[in-house]
Amino acid sequence: MNDGSVSPEEVRHVAALARVSLTEEEAVRFAAQFAEVLDAFERLDEVPDTEREPELVNVMRADEVREGLSHEEALRNAPDSEDGYFRGPPVS
Amino acid sequence: MTELNAFLTRERIDPTHEGPLSGRTVAVKDNISTRGVRTTCGSAMLAEYVPPYDATVVERLREAGATVVGKTNMDEFGMGTTTETSAFGPTRNPVDTGRVPGGSSGGSAAAVAAGEADLALGSDTGGSIRCPAAFCGVVGIKPTYGLVSRYGLVAYANSLEGIGPFARTVEEAAELLDVIAGVDERDATTREPETTPAGSYADAATGDVDGLSIGVPTELLEGADERVVEAVEGALSELEAEGATVREVSLDSLSYAVEAYYVIAMSEASSNLARFDGVRYGPATESEGNWNEAFAAVREEGFGEEVKRRILLGTYALSAGYHEKYYRKAQDARAWIAEDFDGALSEVDVLASPTMPVLPPELGESLDDPLQMYLIDANTVPVNLANLPAISVPAGESDGLPVGLQLIGPAFGEETIIRAASALA
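Let me sum up the structure you'll find in this document. Predicted model, so just to flag it, every value in this text is computed and none were measured.

How each quantity is defined
- Residues numbered from 1 in each chain as written.
- Chains lettered and ligands numbered in written order.
- Predicted model: local features only at pLDDT ≥ 70, side-chain atom pairs only at ≥ 80, totals over all residues.
- Heavy atoms only, no water.
- Helix = DSSP H or I, 4+ residues; strand = E, 2+ residues; numbered from the N terminus.
- Rg over C-alpha atoms; globule rule 2.2 N^0.38 Å.
- Buried < 20%, exposed > 50% of the residue type's maximum accessible area, 1.4 Å probe, protein only.
- Contact = heavy atoms within 4.5 Å.
- Salt bridge = Lys/Arg side-chain N within 4 Å of Asp/Glu carboxyl O.
- Pairing = 2+ DSSP bridges.
- Phe/Tyr/Trp six-rings, centres within 6.5 Å; stacked < 30°, edge-to-face > 60°.

When its secondary structure is counted, chain A shows three helices and two strands. Along chain A, helices and strands appear, N-terminal first, in the series α-α-α-β-β. Relative to its length of 92 residues, chain A is extended, with a C-alpha radius of gyration of 23 Å against a globular reference of 12 Å. With the C-alpha coordinates aligned to their principal axes, the bounding extent of chain A is approximately 55 × 45 × 20 Å.

Put into structure tokens, the structure is as follows:
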């Protein structure tokens, strides 16, 4: 995608990595839009290397047992469940 | 009156205690979790999602005596500047119902502007509180990163976003900030200000700007609509007349802010939104396929176009070979912008700019061209990249439409921007 053009095949490849199905129409439209957006992102090449000092500190707390969600609450929004477990699609 | 579509769910949540907000009504953006009340994020993916717990800010509202009156419309997962990417239709601007209210917290701003709530909560990742405040003619505050707990806020871009208040006056917005601010053990990124504020934030709304120094970054005036610039200059003259001094400053790094912001926000979004797989929540689909195929089908159905666009661009920016080119450079720009702000804010007390470089667009006007929509965030995104506080306050009108003045302060300098803005509204 670096010569300023993006093909619908490349969009579909990224969509597959991101686990998002696209219609043919979306893949075509996104290809044109992505070329424009990525072209704008190219300007970041001009940004000087900058010393970064992240202000990071560890935040600790005691590891204590507390009340959590009940099974019922945790499963309430699931489209499908079985015997108190989430039910998902077959892995392969 | 034309239906504004400001609320996605109108449901009353009663206070748990008496307090400073007793008798006040608050509208809550629909990406802030409310126990037992549907929280959709403006997405078909979460159309039926009912959180099993309250966000910390909602707990604090109820403890402070506030009555929640409903959940407000928003761009899907906060991804938009107009509230038009909502899966539940756009919100209209109460000032001119043919125009957008701004976004992504458009429903919250519209509800307050129209008097459907006294106060509201929104979230701001790249301007999502300040933009709709400006477009609807109300006050909106984006607090310093770490001042307000994000526990219970559905994540879009964690390193950039925060929750903040809307109100019709600066003092009322500050009162709401007083209630929601403060360290929360359930959000490890919250922290105490290095210097403790002298009083409450509301106490800072004195309207006294005598001796205040204001810097106007030239980069944030370039390219703005003349009608906007005129209104903003009028507001700055008012502040000068009351004893503030105004001068131009320059921050070279700001011209890279939009690009850096979108690389970082999209990258974080691509990771955060991976959780929407249709197993724990989300629409049931008929997909017969395996794990990957079923996920891809749910995500096709549940996500709107702008969300897909950002997930894909973020996935691309983080993929092997491009991470160094886009993501690392965006982080360099972020550090440079933070440094530039530190420098400028050691010379002046606050920085001022138009909140939005344009007047509120007409409905449907800006959806076709994503890049153009991203570019109108130019004045708000730098603040998120630098983790700073900012307020949008009404600066008057142009062609009968509201214009917002943005005031930016140093980290945990909420009192200073509240004091300055309170001279105007």
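Text resumes after the structure shown.
On to helix H1 (residues 56–63) of chain B. Residues and elements named next belong to chain B. For H1, the full list of buried residues reads Thr 56, Val 57, Val 58, Arg 60 and Leu 61. Buried-residue contacts for H1 involve strand E2 (25–29), strand E3 (67–72), strand E4 (119–124), strand E6 (162–167) and helix H4 (170–180). Note on H1: the residue one or two positions beyond its end, Gly 65, has a positive phi of about 95°.

Quick look at the pattern of salt bridges now. By the definition in use, this model includes 36 salt bridges over all chains. One salt bridge in this structure joins Glu 259 of chain B and Arg 43 of chain A, with 3.2 Å as the shortest N-O distance. Taken together, the positions of Glu 259 of chain B in helix H6 (residues 257–272) and Arg 43 of chain A in the loop between helix H2 (24–41) and helix H3 (71–75) put the pair across two chains. Classification of Glu 259 of chain B as buried rests on a relative accessible area of 8%. Arg 43 of chain A sits in the partly exposed class, given a relative accessible area of 28%. Asp 187 of chain B is the salt-bridge partner of Arg 150 of chain B, the closest N and O atoms lying 3.8 Å from each other. Highlighted residues: Arg 150 of chain B in the loop between strand E5 (139–142) and E6 and Asp 187 of chain B in the loop between H4 and strand E7 (213–217), separated in sequence by 37 residues. There is no split in this pair, since Arg 150 of chain B and Asp 187 of chain B are both buried. Each of the salt bridges in this network shares a partner with another, and the network as a whole consists of Glu 25 and Arg 29 of chain A together with Glu 305, Glu 306, Arg 309 and Arg 310 of chain B.

Residue and element names in this part refer to chain B. The step from Gly 103 to Ser 104 runs through a cis peptide bond, and the omega angle for that step is 10°. Within the secondary structure, Ser 104 sits in the loop between E3 and helix H2 (106–113). Even without a glycine there, the phi angle at Asn 387 is positive, about 65°. Structurally, Asn 387 can be placed in the loop between helix H11 (381–385) and strand E10 (390–398). Of note, the phi angle at Asp 399 is positive, near 50°, even though the residue is not glycine. Among the secondary structure elements, Asp 399 is positioned in the loop between E10 and strand E11 (401–408).

All names here are of chain B. Of the two faces of E5, the one lined by Val 139 and Ile 141 and the one lined by Gly 140 and Lys 142 are each fully buried. The sheet contact formed by E5 and E6 spans two bridges and is antiparallel. By the bridge assignment for E6, Val 139 is matched with Ala 167. Note that E5 and E10 share three bridges and pair antiparallel. When the bridges of E10 are listed, Gly 140 appears paired with Ser 392.

What follows covers the packing of aromatic side chains. Scanning all chains against the criterion turns up 15 aromatic pairs over all chains. Arranged with centres 6.1 Å apart and planes meeting at 65°, the rings of Phe 41 of chain A and Tyr 326 of chain B form a pair that is edge-to-face. With one member in each of two chains, Phe 41 of chain A in helix H2 and Tyr 326 of chain B in helix H9 (residues 323–347) form a pair that bridges those chains. As far as the burial class goes, Phe 41 of chain A and Tyr 326 of chain B line up, both buried. By the ring-pair criterion, three or more aromatic residues cluster together here, those being Tyr 49, Phe 77, Phe 276, Tyr 281 and Phe 303 of chain B.

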